[in-house]
Amino acid sequence: MKGLFIKDFSYIKESKLLFLFLVLFGFGASYFYKNPTFVLGYFSIFPSIILMSTISYDSINHGFTSLFTLPIKKEDYLKQKYSLGILLGLLFLFFAICISSIGYYRIQQSFHFLNSDFLQGCLLTLTFSYFVIAIVTPVGIYYEAQRSQLAMIIVFGGIFASVALIYFLTKFIGFDLETVIDSLIENNFSLVTFSTVILTFICNIISYHISLKLLNKKEY
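Described below are features of the structure shown in this document. Quantities reported herein were computed from a predicted structural model and do not represent experimental measurements.

### Some thoughts on the overall build of the chain
In step 1: Of regular secondary structure, the chain possesses 10 helices and 0 strands.
In step 2: For the chain, the residues scored as buried account for 38% of the 220 residues in total.
In step 3: Contacts in the chain between residues far apart in sequence, at least 24 positions, make up 82% of those at least 6 positions apart.
In step 4: Summed over its atoms, the accessible surface of the chain is roughly 13,100 Å², and 70% of this surface lies on carbon and sulfur atoms.

### Side note on the pattern of salt bridges
In step 1: Following the criterion strictly, the structure yields 4 salt bridges and no others.
In step 2: We note a salt bridge from Asp-8 to Lys-7, for which the minimum N-O separation is 2.7 Å.
In step 3: Residue classification places Asp-8 among the buried residues on the basis of a relative accessible area of 0%.
In step 4: In this structure, Lys-81 engages Asp-58 in a salt bridge whose closest nitrogen and oxygen atoms are separated by 3.0 Å. Of this pair, Lys-81 sits in helix 6 (residues 74-108) while Asp-58 is found in helix 4 (residues 46-59), placing the two residues 23 residues apart along the sequence.

### Concerning helix 1 (residues 2-13)
In step 1: For helix 1, which comprises 12 residues, the first-to-last C-alpha distance of 16 Å matches the rise-based estimate of 16 Å (1.5 Å per residue) to within 8%.
In step 2: Buried residues of helix 1: Leu-4, Phe-5, Asp-8 and Ile-12, and no others. Projected down its long axis, helix 1 carries its buried residues within an arc of 100°, all on one side. Helix 1 presents Lys-2 and Lys-13 as exposed residues on the side facing more than 90 degrees away from its buried surface.

### Here's the deal with the nonpolar core
Generally speaking, nonpolar side chains in soluble globular proteins are found buried as a group.
In step 1: By size, the foremost hydrophobic cluster in this structure holds 35 residues, and its most contacted members are Phe-43, Phe-64, Tyr-77, Leu-78 and Ile-141.
In step 2: When contributions to this core are tallied by element, the ones reaching two or more residues are helix 1, helix 2 (16-32), helix 3 (38-44), helix 4, helix 5 (63-67), helix 6, helix 7 (116-143) and helix 10 (189-217).
In step 3: The element contributing the most residues to this core is helix 6, with 10 residues.
In step 4: Not counting chain neighbours up to four residues away, the residues in contact with Leu-78 comprise Ile-141, Tyr-208, Ser-211, Leu-212 and Leu-215.

### Digging into the environment of Gly-89
In step 1: Here Gly-89 is to be found in helix 6.
In step 2: C-alpha separation for the pair Gly-89 and Ile-133, spaced 44 residues apart in sequence, amounts to 9.3 Å.
In step 3: Those residues in contact with Gly-89 that sit more than four places away from it in its chain are Pro-47, Leu-126 and Tyr-130.

Calculation rules
Residues numbered from 1 in each chain as written. Predicted model: local features only at pLDDT ≥ 70, side-chain atom pairs only at ≥ 80, totals over all residues. Heavy atoms only, no water. Helix = DSSP H or I, 4+ residues; strand = E, 2+ residues; numbered from the N terminus. Buried < 20%, exposed > 50% of the residue type's maximum accessible area, 1.4 Å probe, protein only. Contact = heavy atoms within 4.5 Å. Areas by Shrake-Rupley, 256 points an atom, 1.4 Å probe, with all protein chains shown as cover. Salt bridge = Lys/Arg side-chain N within 4 Å of Asp/Glu carboxyl O. Expected span 1.5 Å × (residues − 1). Arc of directions from axis to C-beta. Core = buried A, V, L, I, M, F, W, Y, C linked by side-chain atoms within 4.5 Å.

Below, the structure is given as structure tokens:
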């Protein structure tokens with residue numbers, strides 16, 4: 001599994017200029033628009049994008065066929081990918097916390113924003129990253145490199161379409177979903193955070209088994 005990490009980090013290292021651009025863009029948006037929370041959502045999607053790109057890279061030119069002729073089990077390959085997703089989520093959360101902290105300090109001139117609500121918000125952001133990873137991984141395994149762009153459109157387009165559909169449906173039937181969500185977060189923030197973490201954990205377990213079934217169905 002160590003070799004798989006070295007392979008992926010070598011690939012990610014080639015994209016260091018992209019990393020730098022993403023960080024600088026996030027910092028600029030947070031600084032000039034005075035919206036420190038922007039970077040928490042902004043950085044939350046990048047772990048899944050990078051993870052899918054590593055899966056696509058592995059499958060280029062029938063790369064899975066060569067990879068699984070080595071003493072590498074499919075189970076270990078998937079465990080490494082989900083572990084990489086965890087590391088990427090923590091890395092981008094670190095960037096987001098640093099940049100948002102600078103933005104908050106610039107506005108408030110104090111560190112009073114570093115409270116339990118801020119930390120739980122960071123945890124929710126990390127949880128969202130892992131939730132997207134749970135969706136992205138089996139989709140990336142299924143479509144591989146040849147249709148990786150289609151896979152990205154399906155995942156992020158599907159998330160956007162689902163959120164938009166729920167929003168407009170609730171508006172159509174006269175149900176104020178925003179007020180309910182705000183009320184839950186305001187009055188039961190800890191419970192919402194805990195429930196979201198558990199749900200995301202379950203989603204990743206299901207995602208792992210789906211990905212494993214997809215790999216086992218393919219002929220390498």
